[in-house]
Amino acid sequence: MTVVLGAGAFGTALAVALSVKGPVTLWGRSLPWAAGRENPRLPGVLLPKTITLTEDLPAPGDRPVLVAVPMQAMGGFLAAHPEVVGRAPVLCSKGVDLTTLRGPSALVSEFSPGATPAVLTGPSFAADIARGLPTALTLACADEGVGEALQSALSTPVLRLYRTTDVIGAELGGALKNVIAIAAGIVTGAGFGDSARAALMTRGFAEMTRFAARLGARPETLSGLSGFGDLVLTCTSTQSRNFRHGFTLGQGLPPDLSQTVEGLATARAVMARAASLGMAADLPVTAMVAAVSSGEMPVAEAAKRLLSRPLKEE
């Protein structure tokens with residue numbers, strides 16, 4: 001049996017995908033839709049009977065525990081329930097905690113020091129996973145034995161997991177691409193054209209790799225599914241909440257604030273961390289997203305500053 005903590009769109013989709021392998025327990029703080037077995041965030045997807053829905057936190061036991069709690073709520077969740085994640089939690093949230101400037105695995109290490117966290121990330125939309133469309137993800141775990149066991153337990157015929165030991169790289173790839181996706185949305189919404197978006201994605205990817213490497217990630221990890229793959233997906237599809245948010249900003253319209261747009265908090269957290277490392281000037285795209293999203297700078301001014309940066313070698 002598998003446990004999924006967090007009944008948002010992504011947690012629910014993972015529960016549906018993994019239910020083909022056996023019983024799944026899906027926990028959420030509030031499940032008013034449980035009787036109809038259809039999460040309103042995934043319309044048209046009926047949850048199979050092999051999924052048990054509960055508002056009571058289950059004991060982890062020896063089964064895989066997937067943590068799909070929103071990133072900015074994860075610290076509080078782990079502080080209140082350090083025992084619930086078990087010995088090898090699989091962290092499915094993408095982002096950087098705005099309070100501590102740390103990723104999900106570091107939070108687990110603080111609140112559940114005996115655990116060996118893994119990270120599940122990569123190019124994926126919840127709707128695709130829930131409908132059984134082929135998806136490939138990165139599973140990162142520093143312990144190769146634990147990673148191999150989780151890879152076997154969580155792979156399905158249409159959900160293919162590729163393993164790595166670079167937890168930092170996988171985590172940062174999934175977090176930083178959300179920031180670049182907002183920027184790509186801004187560029188597209190402002191009508192700057194596809195060529196400008198391609199340039200933005202390319203320079204944004206270089207920025208992602210530079211920052212991640214400074215924090216100890218392997219650059220080749222960023223070139224895989226958890227970095228480049230996820231970047232391509234979220235910068236080119238309106239299914240991405242981050243892209244849609246940026247697109248609305250680029251059009252000069254007020255964005256929809258009813259949905260979580262993780263790249264907003266990540267941009268602020270990354271710029272704070274970059275300042276402490278003396279590399280804030282090395283992250284111009286992230287700085288632009290942080291400034292535009294907070295209302296400190298209009299889109300036109302942000303674009304002007306990016307285009308007026310000194311010319312240099314690629």
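Everything numeric here is computed off the predicted structure, so don't read it as measured data.

1. Concerning the environment of Gly28
With respect to the helices and strands, Gly28 occurs in the loop between β2 (24-27) and β3 (51-54). Between the alpha carbons of Gly28 and Leu231 there is a distance of 29 Å; along the sequence they are 203 residues apart. Among residues more than four places away in sequence, those in contact with Gly28 are Ala7, Thr54 and Glu55.

2. So, the layout of surface pockets
Over the atoms, a rolling probe the size of a water molecule traces out where space has been left empty. One number sums up the size of the largest pocket: a volume of about 1200 Å³. If you go around the largest pocket, you meet 44 residues; those closest to its centre are Gly8, Ala9, Phe10, Arg41 and Arg241. Breaking the lining of the largest pocket down by element, the ones donating at least two residues are α1 (9-18), α2 (71-80), α4 (126-130), α6 (167-189), α9 (225-236) and α10 (241-250). For the lining of the largest pocket, the per-class residue count stands at 19 nonpolar, 16 polar and nine charged. Residue-level mapping places the lining of the largest pocket at the junction of two domains, with at least three residues from each of domain 1 (2-165) and domain 2 (176-308).

3. Topic: the nonpolar core
In this structure, Ile180, Ile186, Leu200, Phe211, Cys235 and Val292 are the most contacted members of the largest nonpolar core, which totals 41 residues. For this core, the secondary-structure elements that each account for two or more residues are α6, α7 (194-214), α9, α10, α11 (262-277), α12 (284-293) and α13 (299-307). Among the elements that make up this core, the one with the highest residue count is α6 (11 residues). Setting aside chain neighbours within four positions, we find Leu200 in contact with Ile180, Ala183, Ala184, Val187 and Val285.

4. What about the UniProt feature "binding site: sn-glycerol 3-phosphate" (unreviewed entry) in the chain?
Mapped onto the present numbering, the UniProt feature "binding site: sn-glycerol 3-phosphate" (unreviewed entry) falls on Lys94, Gly122, Ser124, Lys177, Asp230, Ser240, Arg241 and Asn242. The subset of the named residues that lines the second largest cavity consists of Lys94. Its location among the elements puts Lys94 in the loop between β5 (90-91) and α3 (104-111). Of the residues examined, Lys94 reaches a relative accessible area of 17% and is grouped as buried. At a separation of 2.9 Å, a polar atom in the side chain of Lys94 contacts the main-chain carbonyl oxygen of Gly122. Tracing the sequence through the fold places Gly122 in the loop between β6 (118-121) and α4. Exposure remark for Gly122: the relative accessible area of 0% places this residue in the buried category. Setting aside its immediate chain neighbours within four residues, Gly122 contacts Lys94, Leu137, Leu225, Ser226 and Asp230.

5. Some remarks on the packing of aromatic side chains
Per the stated rule, a full pass over the model turns up three aromatic pairs. Judged by centre distance (5.5 Å) and plane angle (40°), the ring pair of Trp27 and Phe77 falls under tilted. Residue Trp27 is found in strand β2, and its partner Phe77 is found in helix α2; the two are separated by 50 residues along the sequence.

6. Some details on the pairing of strand β7 (residues 135-141)
The element β7 is extensively covered by neighbouring structure, given that six of its seven residues are classed as buried. Bridge analysis of β6 against β7 gives four bridges, and the strand direction is antiparallel. Its bridge partner lying in β7, Leu120 is registered against Leu139. By the bridge criterion, six bridges tie β7 to strand β8 (residues 159-164) in an arrangement that is parallel. Looking across to β8, one finds that Leu137 is bridged to Leu161. Remark: the β7/helix α5 (residues 144-154)/β8 crossover connection has right-handed handedness.

7. Focus: the domain arrangement of the chain
The assigned domain composition of the chain is domain 1 (2-165) and domain 2 (176-308). Using only C-alpha atoms to locate each centre, domain 1 and domain 2 end up separated by 25 Å. Contacts between domain 1 and domain 2 engage 21 residues on the former and 20 residues on the latter. At the junction of domain 1 and domain 2, the tally comes to one salt bridge. When the shortest N-O distance is used, the salt bridge between Asp230 and Lys94 registers 2.7 Å. For the pair domain 1 and domain 2, the interface holds four residue pairs in polar contact (both at pLDDT 80 or more). At the level of elements, α2, α4, β7 and β8 are the ones that each hand at least two residues to the side of domain 1 that touches domain 2. With three residues, β7 is the single largest residue contributor to the side of domain 1 that touches domain 2. Looking at the side of domain 1 that touches domain 2 residue by residue, the class counts come to 10 nonpolar, eight polar and three charged.

Scoring rules and cut-offs
- Residues numbered from 1 in each chain as written.
- Predicted model: local features only at pLDDT ≥ 70, side-chain atom pairs only at ≥ 80, totals over all residues.
- Heavy atoms only, no water.
- Helix = DSSP H or I, 4+ residues; strand = E, 2+ residues; numbered from the N terminus.
- Contact = heavy atoms within 4.5 Å.
- 1 Å grid on protein atoms, 1.4 Å probe; cavity = no way out; pocket = protein on both sides within 12 Å on 5 of 7 lines; lining within 4 Å.
- Points joined across faces, edges and corners; volume = space filled by probe spheres on them.
- Nonpolar A, V, L, I, M, F, W, Y, C, P; charged D, E, K, R; others polar.
- Domains from an automatic or database assignment.
- Core = buried A, V, L, I, M, F, W, Y, C linked by side-chain atoms within 4.5 Å.
- Buried < 20%, exposed > 50% of the residue type's maximum accessible area, 1.4 Å probe, protein only.
- UniProt positions renumbered as here; feature names shortened; annotations may be inferred.
- Polar contact = N/O pair within 3.5 Å; in protein donor to acceptor, adjacent residues only side chain to side chain.
- Phe/Tyr/Trp six-rings, centres within 6.5 Å; stacked < 30°, edge-to-face > 60°.
- Pairing = 2+ DSSP bridges.
- Right-handed = clockwise from strand over helix to strand, strands pointing away.
- Salt bridge = Lys/Arg side-chain N within 4 Å of Asp/Glu carboxyl O.

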